[in-house]
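An overview of the molecular structure
What follows is the residue order along each chain.
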Amino acid sequence: MKITVPFIPGDGVGPEVTSAMRSILDAALEKTYSGTKTLDWLEVQAGQTAFERFGTYLPDETIQAFKTHHLGIKGPLMTPVGGGIRSLNVALRQELDLYVCLRPIRWFKGVSSPVLHPERVDMVVFRENTEDIYAGIEWESGSPEARKFYRFLREEMGVEKVRFPETSAFGVKPVSKEGTERLVRAACKYALAHDRPSVTLVHKGNIMKFTEGGFKTWGYELARREFPDEVASGKLVIKDCIADAFLQNALLKPEDYSVIATLNLNGDYISDLLAAQVGGIGIAPGANINYDTGDAIFEATHGTAPDIAGKNLANPCSNLLSGTMMLEHLGWNEAADRIYAALEQSFAEGFATFDLARMMPNGKPLGTKEFTEHLIERI
């Protein structure tokens, strides 16, 4: 089998970590399947590189490639803070309706961690990708749109709680029953397929009664309606936790949680917190998936790190582990297992890029290229 995979090299360190990821995946596939299963890499562009070449940050050809092949992977992309373009990551998720941001979090022995027992962290976060504040519905302070929106709130809806209306910016977070149900359904199916002990709905429903509270209510209803036997037998345990309490519990008793289903902003905080507990976002993979259509884009979860771009210092593990998730998505688990084993052995012996090795008691720092060659040799 030969699968075409469109890939975006990315900005900053993106081309370096993407090149490393491709080389390691190719080596694992060759070792495992001897040429009978391969990836045909199709380069497409987005971000600063695309803007410089084509005058647009997200060319139509890139979107079409992902739609055609239903699969892809990307390096980190530049997005300015404040004005300018909105997040390209969000644009891709919205355009392709990739409603799950999947973030598995696990610890590799040998990787330094700020917590005493990182081995207790073993969670998979299902973060809703298309609603909440990431829908991007907001109006700038002082703009005609903000003033018009405030007038509507005050005159039509009777809202009197805006303390400084003249200088307030406004945002709206849509949370739907349909959006909640498809996310929670995917999380429940994942938990059952992977023998995970529980699904926890993380929300702020004690304050936002109808959005976050609706997420909790609809999630419970979906689980009980579509998985009645599994819930009744205890094979599928559904529970919930208020977001701020979860952030505390994730540090104090992470072993109590397995699969997390949550809205976008909560999931953003949670996935990075958990990544820090196992050694940092540099070893945190991610994917954006529509479990109904099968469309999926895998991604490095860190930024572009322009300060170290081109210096052979970048850690390729986030993009590599995302590529390994892509192999699992294709059902090529034997090749994925080879990569996991190579990483486990390397970290246990102290071999890592500089960012990880400097924190290891027996750290043996390697450059990006050298670490890539080291993993390929192990494979």
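Described in the following lines is the structure provided in the data block.

Before going further, it helps to spend a moment on the overall build of the protein. Assigned secondary structure in the protein consists of 14 helices and 14 strands. In summary, the protein has a C-alpha radius of gyration of 22 Å against a globular reference of 21 Å for 379 residues, a match within 12%. By principal-axis analysis of the C-alpha atoms, the protein measures approximately 70 × 55 × 40 Å. The contacts of the protein with a sequence gap of at least 6 include a subset with a gap of at least 24, amounting to 74%.

Okay, the pattern of salt bridges next. What the rule picks out here adds up to 17 salt bridges. Close ionic contact of Glu-155 with Arg-154 constitutes a salt bridge, the shortest N to O distance being 2.9 Å. For Glu-155, a relative accessible area of 51% corresponds to the exposed category. The partly exposed category is assigned to Arg-154, whose relative accessible area is 38%. With a closest N to O distance of 3.2 Å, Asp-244 and Lys-204 form a salt bridge. In this pair, Asp-244 is assigned in helix α9 (residues 243–252) and Lys-204 in the loop between β8 (198–203) and α7 (212–226), connecting sequence segments 40 residues apart.

Our focus in this paragraph is the packing of helix α1 (residues 14–33) against helix α14 (residues 368–378). Axis separation between α1 and α14 bottoms out at 10 Å; the angle between their running directions is 10°. Classed by the angle they form, the pair α1 and α14 counts as roughly parallel. Every residue of α14 that contacts α1 at Glu-16, Ala-20, Ser-23, Ile-24 and Ala-27 is listed here: Thr-368, Thr-372, Leu-375 and Ile-376. Among the residues forming the contact of α1 with α14, the class breakdown is 5 nonpolar, 3 polar and 1 charged.

Another aspect to go through is the packing of helix α11 (residues 317–329) against helix α12 (residues 333–348). Where α11 contacts α12, the axes come no closer than 7 Å and their chain directions differ by 150°. By the angle between their axes, α11 is roughly antiparallel relative to α12. You can see that α11 and α12 cross each other, and the crossing is left-handed. Two secondary-structure elements touch here, α11 through Cys-317, Leu-320, Leu-321, Thr-324, Met-325, Leu-327 and Glu-328 and α12 through Asn-333, Ala-335, Ala-336, Ile-339, Tyr-340, Leu-343 and Phe-347. Here the residues of the contact of α11 with α12 sort into 11 nonpolar, 2 polar and 1 charged.

This paragraph deals with the state of the cysteines. Under the definition given, this model contains 0 disulfides. Of all cysteine sulfurs, the one in Cys-101 lies closest to Cys-317, which takes part in no disulfide; the gap is 19 Å. Cys-317 gets classed as buried once you look at its relative accessible area, which sits at 1%.

This part is about helix α10 (residues 264–277). Helix length check: α10, at 14 residues, gives a terminal C-alpha distance of 20 Å against a target of 20 Å (1.5 Å per residue), a fit within 8%. Residues of α10 that are buried: Asn-264, Asn-266, Gly-267, Ile-270, Ser-271, Leu-274, Ala-275 and Gln-277. For α10, the angular spread of buried residues about the axis comes to 150°, placing them on one side. Residues of α10 that are buried sit in contact with β4 (100–105), β5 (123–128), β8, α7, α9 and β10 (259–262).

Before going further, it helps to examine helix α3 (residues 60–69). For α3, the set of buried residues is Thr-62, Ile-63, Ala-65 and Phe-66. All buried residues of α3 lie within an arc of 160° about the axis, which places them on one face of the element. Residues of α3 that are exposed and angled more than 90 degrees away from the buried face: Asp-60 and Glu-61. Elements in contact with the buried residues of α3: β1 (2–8), β2 (38–43), β3 (71–74), α4 (88–96) and β12 (296–300). Downstream of α3 by a residue or two, His-70 has a phi angle that is positive, lying close to 60°.

Here 10 strands make up an open sheet; going across it, the order is β2-β1-β3-β12-β11-β4-β5-β10-β8-β9 and the pairing mixed. The two strands at the open ends of the sheet, each matched to only one other strand, are β2 and β9 (237–242). Each strand axis lies, on average, 25° off the axis of its neighbour in the sheet, ignoring direction. Where β4 lies against β5, 6 bridges are found, and the strand directions are antiparallel. Bridging from a neighbouring strand, Ile-105 pairs with Met-123 of β5.

The next thing to look at is the side chain of Glu-212. By secondary structure assignment, the location of Glu-212 is in helix α7. In terms of polar contacts, Glu-212 uses its side chain to reach the side chain of Lys-173, at 2.7 Å. Ignoring sequence-local partners within four residues, the contact set of Glu-212 consists of Lys-173, His-203, Lys-204, Gly-205, Leu-263 and Asn-266.

On to the pairing of β10. Side chains of β10 alternate between two faces, with Val-259 and Ala-261 and Ile-260 and Thr-262 buried alike. In terms of strand pairing, β8 meets β10 through 4 bridges, oriented parallel. By the bridge assignment, Val-199 is partnered in β10 with Val-259.

Calculation notes
- Residues numbered from 1 in each chain as written.
- Predicted model: local features only at pLDDT ≥ 70, side-chain atom pairs only at ≥ 80, totals over all residues.
- Heavy atoms only, no water.
- Helix = DSSP H or I, 4+ residues; strand = E, 2+ residues; numbered from the N terminus.
- Rg over C-alpha atoms; globule rule 2.2 N^0.38 Å.
- Contact = heavy atoms within 4.5 Å.
- Salt bridge = Lys/Arg side-chain N within 4 Å of Asp/Glu carboxyl O.
- Buried < 20%, exposed > 50% of the residue type's maximum accessible area, 1.4 Å probe, protein only.
- Axes fitted to C-alpha atoms, helices over the stretch in contact; angles between N-to-C directions.
- Parallel < 35°, antiparallel > 145°, perpendicular 65-115°, else oblique.
- Nonpolar A, V, L, I, M, F, W, Y, C, P; charged D, E, K, R; others polar.
- Left-handed = near helix turned anticlockwise from the far one by under 90°.
- Disulfide = S-S within 2.5 Å.
- Expected span 1.5 Å × (residues − 1).
- Arc of directions from axis to C-beta.
- Pairing = 2+ DSSP bridges.
- Polar contact = N/O pair within 3.5 Å; in protein donor to acceptor, adjacent residues only side chain to side chain.

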